[in-house]
Amino acid sequence: MAPAGPAGAHPTSAEPLSRSVFRKFLLVLCSLLTSLYVFYCLAERCQTLSGPGVGLSGSSAEAGAPDRGVLAGGPRELAMWPAAAQRKRLLQLQQWRRRRPDAPPDDRDEVAWEEETPGLAGGPGGSGAGSSVAEAPPGTLALLLDEGTKQLPQAIIIGVKKGGTRALLEFLRVHPDVRAVGAEPHFFDRSYDKGLAWYRDLMPRTLEGQITMEKTPSYFVTREAPARISAMSRDTKLIVVVRDPVTRAISDYTQTLSKRPDIPTFESLTFKNRSAGLVDTSWSAIQIGIYAKHLEKWLRHFPLGQMLFVSGERLISDPAGELGRVQDFLGLKRIITDKHFYFNKTKGFPCLKKAEGSGKPHCLGKTKGRTHPHIDREVVRRLRDFYRPFNRKFYQMTGLDFGWDG
Ligand SMILES: Nc1ncnc2c1ncn2[C@@H]1O[C@H](COP(=O)(O)OS(=O)(=O)O)[C@@H](OP(=O)(O)O)[C@H]1O
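Thresholds applied
- Residues numbered from 1 in each chain as written.
- Predicted model: local features only at pLDDT ≥ 70, side-chain atom pairs only at ≥ 80, totals over all residues.
- Heavy atoms only, no water.
- UniProt positions renumbered as here; feature names shortened; annotations may be inferred.
- Helix = DSSP H or I, 4+ residues; strand = E, 2+ residues; numbered from the N terminus.
- Buried < 20%, exposed > 50% of the residue type's maximum accessible area, 1.4 Å probe, protein only.
- Contact = heavy atoms within 4.5 Å.
- Pairing = 2+ DSSP bridges.
- Near = heavy atom within 4 Å.
- Polar contact = N/O pair within 3.5 Å; in protein donor to acceptor, adjacent residues only side chain to side chain.
- Nonpolar A, V, L, I, M, F, W, Y, C, P; charged D, E, K, R; others polar.
- Disulfide = S-S within 2.5 Å.
- Expected span 1.5 Å × (residues − 1).
- Axes fitted to C-alpha atoms, helices over the stretch in contact; angles between N-to-C directions.
- Phe/Tyr/Trp six-rings, centres within 6.5 Å; stacked < 30°, edge-to-face > 60°.

Looking up the chain in an unreviewed UniProt entry gives the name Sulfotransferase, with the organism given as Otolemur garnettii. Per its UniProt entry, the chain bears the Subcellular location (unreviewed entry) comment "Golgi apparatus membrane". In the Sequence similarities (unreviewed entry) part of its UniProt record, the chain is described as follows: "Belongs to the sulfotransferase 1 family."

This part covers the UniProt feature "binding site: 3'-phosphoadenylyl sulfate" (unreviewed entry) in the chain. In this structure's numbering, the residues bearing the UniProt feature "binding site: 3'-phosphoadenylyl sulfate" (unreviewed entry) are K162, G163, G164, T165, R166, R243, S251, K368, G369, R370, T371 and H372. Within the fold, T165 resides in helix α10 (residues 165-172). Residue T165 is classed as buried on the basis of its relative accessible area of 4%. Those residues in contact with T165 that lie beyond four places of it in its chain are I157, G159, V160, K215, P217 and V241.

Examined bridge by bridge, strand β10 (residues 341-344) and strand β11 (residues 349-352) share 4 bridges and lie antiparallel to one another. By the bridge assignment, N344 is partnered in β11 with F349. From the end of β10 to the start of β11, which pair antiparallel, there are 4 residues, and G348 there has a positive phi angle of about 80°.

This paragraph deals with the site of the ligand. Around the ligand there are 25 residues in total, and T165, K215, S251, G369 and H372 lie nearest to it. Taking R166, its main chain carries an N or O atom lying 3.0 Å from an oxygen atom of the ligand. Within the contact set of the ligand, a nitrogen atom lies 2.9 Å away from a backbone nitrogen or oxygen of P350. Across the shell around the ligand, the residue classes break down as 8 nonpolar, 7 polar and 10 charged.

Disulfide: a covalent bond connecting the sulfur atoms of a pair of cysteines. Going through the model one piece at a time under the given rule, you end up with 1 disulfide. One disulfide bridge connects C351 with C363, the sulfur atoms lying 2.0 Å from each other. Across the S-S bond of C351 and C363 the torsion is about 100°, and the bridge reads as right-handed. With C351 in strand β11 and C363 in the loop between β11 and α19 (377-398), this residue pair connects regions lying 12 residues apart in the sequence.

On to the environment of F343. Among the structural elements, F343 can be located in strand β10. In the structure, F343 is positioned 315 residues away from V28 in sequence and 70 Å away in space, judged by C-alpha atoms. Here F343 is in contact with G348, F349 and P350, once residues within four sequence places are set aside.

With that settled, consider helix α13 (residues 245-259). Between its first and last C-alpha, α13 extends 21 Å over 15 residues, near the 21 Å set by a 1.5 Å rise per residue. Within the span of α13, buried status applies to P245, V246, R248, A249, I250, S251, D252, Y253, T254 and Q255. For α13, the N-terminal cap is D244; the gap from its side-chain oxygen to the backbone nitrogen of V246 is 2.9 Å.

UniProt's entry tags residues 153-393 with the feature "domain: Sulfotransferase" (unreviewed entry), counted in the numbering of this structure. For residues 153-393, helix accounts for 37% and strand for 16%, while the C-alpha atoms at its two ends are 30 Å apart.

Spatially, β3-β5-β2-β6-β9 is the arrangement adopted by the 5 strands of the open sheet, whose pairing is parallel. Strands at the two margins of the open sheet, each flanked by one partner only, are β3 (178-180) and β9 (307-311). Recorded for the sheet is a direction-independent mean angle of 25° between the axes of neighbouring strands. Two strands pair when backbone bridges link them, and β3 and strand β5 (residues 211-215) are joined in this way by 3 bridges, in the parallel orientation. Looking at β5, one finds that A180 is bridged to M213. Across the sheet, α10 is in contact with β2 (155-159), β3, β5, β6 (237-242) and β9; its angle to β5 comes to roughly 160°.

To continue, consider the packing of aromatic side chains. For the structure shown, the criterion picks out 23 aromatic pairs. Ring centres 5.6 Å apart and planes at 90° place the aromatic pair F309 and F394 in the edge-to-face group. One end of the pair, F309, is in strand β9; the other, F394, is in helix α19, with 85 residues separating them in the sequence. The same class applies to F309 and to F394, which are both buried. Feature note: the residues F187, F188, Y192, W198, Y199 and Y219 constitute an aromatic cluster, connected by ring pairs.

Structure, rendered in structure tokens:
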């Protein structure tokens, strides 16, 4: 008998051998797949495979946060999206982020306003200073929030105090291409020594095409501010909200009175010598309203065309009209229209139908639109006489008649 060949020599062990090889192969394959999956998850792409079409819709588990699918992707994943989708997604993140109450402004009056309207507060946090990773939702949101860059403002609302500057900024923030610091930075008057890097760091992150803004009404009357802003950028656009200087002075006084009820009467503070009718121009409430005098200083550093004068009165009677002018001046698409406003009878002012971020109707807080005390008519008349020549000069300089003198 011929001896059995190798195949025939172990007819029974051949099958178990191939099975064990197969088992080992399966084992290696499984661990390879598991490692790949773990690696994939570590790269945080597990939840983002759905892509923009899925990610931008759906409900949110986070309180008010955009869909998780939207949030979970990392910058690399984001980079794979078409530019428009990236922008939309980042805008969505910005909006969500603006809803969080951030650091309050430094002005006490403004603090009160922000406290009442956290939904509208942008704070240096809306601006980046509050972007603590601890607050960030899980996943790579923290990374995503770092998208965009902090820019020095291209436009500043420089005044005037009690002119309606808060209303203007909050209305403007409804625009998707406007990002603004909620608090007043007071950089060019109080913190200039901290340097431009400090100032820039207060700003919100912006995407290409978005404008960075801030408002500090005291800049308009700060001697050094025009040169300092010009040194930052000669192209900075300047917005001044002006209001009848007499009502502005009374509003200013009303604010001080609300904090220090024991101050002298408006009438007594107005005059150096009441019987002689000599107005005290050293009182800041009076001085701020001499707009022509302050404007002269700005015009030494900026061309008139780089400044926009917003009527504080029309900002109340026709907010959409004034916002139209502002959007044009800033080179923005006219997105904010009369559809965004309604007149709130209780408040006595126009309010936003949908506040930026929260989507709910919203009025400014109770520190905006205070009831003014009654002022002696004779004192008001004397003040009108005092301001008339300055107002005329201001109308001449700006080419605009604000109609304060009847
Ligand atoms: N929509 C709306 N709602 C409430 N208030 C409004 C609005 N539009 C303009 N105003 C007027 O804004 C005045 C306050 O001006 P500012 O925001 O510039 O004040 S501040 O300098 O920032 O303190 C504030 O002044 P007072 O009425 O004297 O309180 C308002 O008259």
